[in-house]
Structures are given as structure tokens and as C-alpha cells.
Amino acid sequence: MTCDRSDPPAPDGWTAVATLADLTEGALAPVEVAGHRLMLALTGARVSVCQRLCPHEYADLSRGRLDGGRVFCPRHRASFNLVDGASGGGWDLPSLRVYPTEIRGGQVWVEQAAVEADPPLRIVRIAPRV
Ligand code: FES
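Residue indices follow the written sequence of each chain, beginning from 1 at its first position. Local features in a predicted model are, by the rule used here, given only for residues with pLDDT of at least 70; side-chain atom pairs are given and counted only at 80 or more, and totals for whole chains, interfaces and linings are based on all residues.

Enquirer: Got a minute to help me understand the overall build of the chain in this structure?
Expert: To qualify as a helix, a DSSP run of H or I must reach at least 4 residues; to qualify as a strand, a run of E must reach at least 2; elements of each kind are numbered from the N terminus. If you tally the helices and strands in the chain, you get 1 helix and 11 strands. Listed by position from the N terminus, the elements making up the chain come as β-β-β-β-β-β-β-β-β-β-β-α. For the chain, the residues scored as buried account for 30% of the 130 residues in total. A residue pair is marked as a contact if its C-beta atoms, positioned from the backbone, fall within 7 Å. Partitioning the contacts of the chain with sequence separation of at least 6, the portion at a separation of at least 24 is 41%. To sort residues by exposure, count the other C-beta atoms lying within 10 Å of each residue's C-beta; 20 or more gives buried, 12 or fewer gives exposed, and values between give partly exposed, all with C-beta atoms placed from the backbone.

In C-alpha cells form, the structure reads like this:
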């Protein structure tokens, strides 16, 4: 990604993750920030940046679909609100981590300090019973 000199300075503790032109309405875009697997979602004039791994069994939510301000998991179809991360559709799962996001100078910024404050998600595979 490049920034030209007309862009506003980077706010402290924030990092640019995409340009608005990179995003497609209704599409999910994977991105990595400080070792965290995140994704961006453009819905109308709003951009959300949230964790990419489903809280249920860690499916890659960027392979899911967006509908009505929610992301639907591609594996078991749980859905999550892209504003507060709450699960729905009959599921009671931990909320998706949704991070403070701003659009400045055509760039999408996420509060990196908030991302780093969360421990990275580790995928734990449980061996089947024998
Ligand atoms: S892995 Fe996402 S709902 Fe099961």
C-alpha cells in the first residue's frame, strides 16, 4: 500500500489496512495486522474490521457471505453482527472481535493498539477419542 503526501498523517496507534478503492461492496477482504488474522467488510458507507476466524470452530469468515450487516460463517452458518460482533441465527457464541475503524484520505485505518491488546487466536485441534 502507498500513501501520498496529501494524505493526513497516520493517527498514533492506528495503521492503514486498505484503500477504499481496494474494497468491493458486499465482499469480505482478508488482512493481517500485527499477526492477527482480520477481515474487512464494506457495507454501504461503513467499513468494519473484525477477526477473521469464527469463534465456533475457526472457519475463515472471509470465505463466508455478507447479508444485512451480518457475516455468515461458511462452515455451520452462524452469523455475526459487524457492528458489535454478536452472534445470532440461533447461535450463542462468543462475540466476534470488531475493532475501531476510520476512513481518512481514502484509506481505511484500524486501531492497531486495540488489535494488539487482544491475544491472537490460536487454533487448537482436539484429537479424536480412540
Ligand atoms: S465454524 Fe463457524 S459456525 Fe461453526
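Enquirer: What am I meant to see in the sheet that holds strand β6 (residues 70–72) here?
Expert: Backbone-to-backbone hydrogen bonds join strands into a sheet, with any given pair of strands oriented parallel or antiparallel. We treat two strands as partners when DSSP finds at least two bridges between them. With respect to topology, 4 strands assemble into an open sheet ordered β5-β6-β7-β8, the strand pairing being antiparallel. Single-partner strands in this sheet number two, and they are β5 (65–67) and β8 (87–88). Where β6 and strand β7 (residues 79–81) come together, 3 bridges link them in antiparallel fashion. Along β7, the bridge assignment pairs Val 71 with Phe 80.

Enquirer: Explain the nonpolar core here, please?
Expert: Burial of nonpolar side chains together is a common tendency in soluble globular proteins. Counting residues in each nonpolar core, the largest one holds 27 residues, and the members touching the most others are Leu 40, Val 49 and Cys 50. The biggest single contributor to this core is strand β3 (residues 36–43), with 5 residues. Residue contacts for Leu 40: discarding those within four places in its chain leaves Val 17, Ala 18, Leu 23, Ala 29, Val 31, Val 47, Val 49 and Val 108. The nonpolar core is taken to be a set of buried Ala, Val, Leu, Ile, Met, Phe, Trp, Tyr and Cys residues joined by way of C-beta atoms within 7 Å.

Enquirer: Explain the sheet that holds strand β1 (residues 14–19) here, please?
Expert: The strand order β1-β11-β10 describes an open sheet built from 3 strands, whose pairing is antiparallel. One side of each edge strand has no neighbouring strand; the edge strands of this open sheet are β1 and β10 (101–104). Geometrically, the sheet is characterised by an average inter-axis angle of 30° between neighbouring strands, direction not taken into account. An axis is simply a line fitted to the C-alpha atoms; with a helix, the fit covers only the stretch in contact. Between two such axes, the angle follows the N-to-C directions and lies from 0 to 180 degrees.

Enquirer: Help me understand the environment of Gly 88 in this model?
Expert: Mapping Gly 88 onto the fold places it in strand β8. Taking the C-beta count within 10 Å as the criterion, Gly 88 has 13 such neighbours and is therefore assigned partly exposed. Separated by 16 residues in sequence, Gly 88 and Phe 72 have C-alpha atoms that sit 9.6 Å apart. Once residues within four sequence positions are removed from consideration, Gly 88 is found in contact with Arg 70, Ser 79 and Asn 81.

This is a description of form; function is not addressed.
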